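Read off the chains here:
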Amino acid sequence: MDAIRWEGNTLYLLDQTKLPVTEVWLPYTDYRPVADAIRTMVVRGAPAIGVAAAYAYCLAALAGEGLDEAKETLAASRPTAVNLFWALERMERKAKECGGAAEPLIAEAKAIHAEDVAMCRAMGAHGAAVVPEHARILTHCNAGALATAGYGTALGVVRAAFENRKNIRVIADETRPFLQGARLTAWELQRDGIPVTVACDNACASLMSRGFVSLCVVGADRIAANGDTANKIGTLGVAILARHYGIPFYVAAPLSTIDRSTPDGKHIPIEERLASEVTTIGSTRVTPEGVPVFNFAFDVTPADLITGIITDKGLLTAPYDAAIRDVFAREEQ
Ligand code: MRU
């Protein structure tokens, strides 16, 4: 399953705002509408945003447009997922090396795309080991094939455990207000034949207290140097509840989601989105006119609530600052 394709110098995105009701692929030949697609969440999920932005950068190169301006426009689309900036910086380094020629840039974007799938598979292999037989795995938001170049981070762990013939079931938090869990996680797991049950976000404490959850696995938009992790709003509540009920809480993310230049969670920029995402469901207004709402898209789970961070290079455990330093030191050798 995938949500991003590059064919004949055109970028195609599966419109995630329309799922699960309609499957529509939208074509892009200009980088500016791709920035809009990231902003409006036609494409979403930290690694997927990075891949889409890398291809959008190629569209600017193909059109002979200013690459600095393209980078700036794309970088302004969403602030929290660090993979966006990671991918754009990697494309910029390549552009400096090849003088902005389109073909080497396309090859670089394709490499980012292919590496992301490989990283998800590696995370799956490392993560499946922490999934017990008969696990009931609670996840929040969608950290699946739709949120990556394919296979998924948190759902990559689920897929690998399922492929290893473990008898598992996923509990997908619905994830208000954009409903990534109810719409996207449920859709992609059902398509793969992986048992999934959707639960209202506010059922989490009750499900945990009644023994319905054996393990939590979530994705990440940015992991700070000390292991504090930004992910979809509501993740922090899941982590606090998991600690209360003694349930392991894992984060699954590739090294490209770890931002060593951000010292801790307090320094992670948190996106605030339009009030209309909260005040309306579909086209129906659900709050009184004029009442303000909070719509922070992400929250930060402190490192001490995290049992382990499953990366493409293995499982990191506390103390995370040292574990993160070590894994990058090995990579950079
Ligand atoms: O606002 P979204 O849908 O882009 O948020 C996505 C998440 O919070 C995911 O859990 C995260 O990006 C990891 S995706 C592998």
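Residues numbered from 1 in each chain as written. Predicted model: local features only at pLDDT ≥ 70, side-chain atom pairs only at ≥ 80, totals over all residues. Heavy atoms only, no water.

Peer 1: Which residues make up the site of the ligand, and what values do they have?
Peer 2: Taken together, 18 residues are adjacent to the ligand, and Arg-44, Arg-78, Asp-221, Asn-231 and Lys-232 come closest. Between the ligand and the protein, one listed contact pairs an oxygen atom with a side-chain N or O atom of Arg-44 at 2.8 Å. Calculation on the ligand without its partners gives an accessible area of 420 Å², and the protein chains cover 100% of this total. Every element with two or more residues in the shell around the ligand is listed here: α2 (46–62) and β9 (229–232). For the shell around the ligand, the residue count by class is eight nonpolar, six polar and four charged. (Near = heavy atom within 4 Å. Polar contact = N/O pair within 3.5 Å; in protein donor to acceptor, adjacent residues only side chain to side chain. Areas by Shrake-Rupley, 256 points an atom, 1.4 Å probe, with all protein chains shown as cover. Helix = DSSP H or I, 4+ residues; strand = E, 2+ residues; numbered from the N terminus. Nonpolar A, V, L, I, M, F, W, Y, C, P; charged D, E, K, R; others polar.)

Peer 1: Provide a residue-level description of the state of the cysteines, including the pertinent values.
Peer 2: Evaluated as defined, the whole model comprises zero disulfides. Here Cys-98 is not disulfide-linked; the sulfur of Cys-58 is the nearest cysteine sulfur, at 9.4 Å. When its relative accessible area of 22% is taken as the criterion, Cys-98 is described as partly exposed. With no disulfide of its own, Cys-216 lies closest to Cys-204 among cysteine sulfurs, the gap being 6.4 Å. (Disulfide = S-S within 2.5 Å. Buried < 20%, exposed > 50% of the residue type's maximum accessible area, 1.4 Å probe, protein only.)

Peer 1: Quick one: what's the story with the packing of aromatic side chains, residue by residue and with numbers?
Peer 2: The final tally for this structure, using the stated rule, is two aromatic pairs. Judged by centre distance (5.0 Å) and plane angle (10°), the rings of Trp-6 and Tyr-55 are stacked. You can see Trp-6 sitting in strand β1 (residues 4–7) and its partner Tyr-55 sitting in helix α2, a full 49 residues away along the chain. Considering the side-chain rings of Phe-294 and Phe-296, the 5.9 Å spacing of their centres and the 25° angle between planes classify their relative orientation as stacked. A relative accessible area of 71% means that Phe-294 is categorised as exposed. The exposure class of Phe-296 is partly exposed, given its relative accessible area of 33%. Cation over ring: Arg-183 sits above Phe-178, and NZ or CZ is 5.0 Å from the ring centre. (Phe/Tyr/Trp six-rings, centres within 6.5 Å; stacked < 30°, edge-to-face > 60°. Lys NZ or Arg CZ within 6 Å of the ring centre and 35° of its normal.)

Peer 1: I'd like a rundown of the nonpolar core, residues and numbers included.
Peer 2: Ranked by size, the top nonpolar core spans 41 residues in total, and within it Ile-4, Leu-11, Leu-13, Tyr-28, Met-91 and Leu-105 carry the most contacts. Elements with a contribution of two residues or more to this core: β1, β2 (10–14), α1 (31–39), α2, α3 (67–75), α4 (82–98) and α5 (102–128). The next biggest cluster of nonpolar side chains, apart from the first, holds 30 residues, and it includes Cys-204, Val-238, Ala-253 and Leu-316. (Core = buried A, V, L, I, M, F, W, Y, C linked by side-chain atoms within 4.5 Å.)

Peer 1: So what's going on with the environment of Asp-299? Which residues, and what values?
Peer 2: Locating Asp-299 in the fold gives a position in strand β14 (residues 298–301). Sequence separation of Asp-299 and Leu-236 is 63 residues, and the distance between their C-alpha atoms is 6.3 Å.

Peer 1: Run through the pattern of salt bridges, naming residues and quoting values.
Peer 2: Enumeration over the complete set of coordinates arrives at 20 salt bridges. Residue Arg-285 pairs with Glu-289 through a salt bridge whose shortest N-O separation is 3.8 Å. Overall, the relative accessible area of 34% leaves Arg-285 in the partly exposed class. Where salt bridges share partners, they join Arg-78, Glu-271, Arg-273 and Glu-277 into one cluster. (Salt bridge = Lys/Arg side-chain N within 4 Å of Asp/Glu carboxyl O.)

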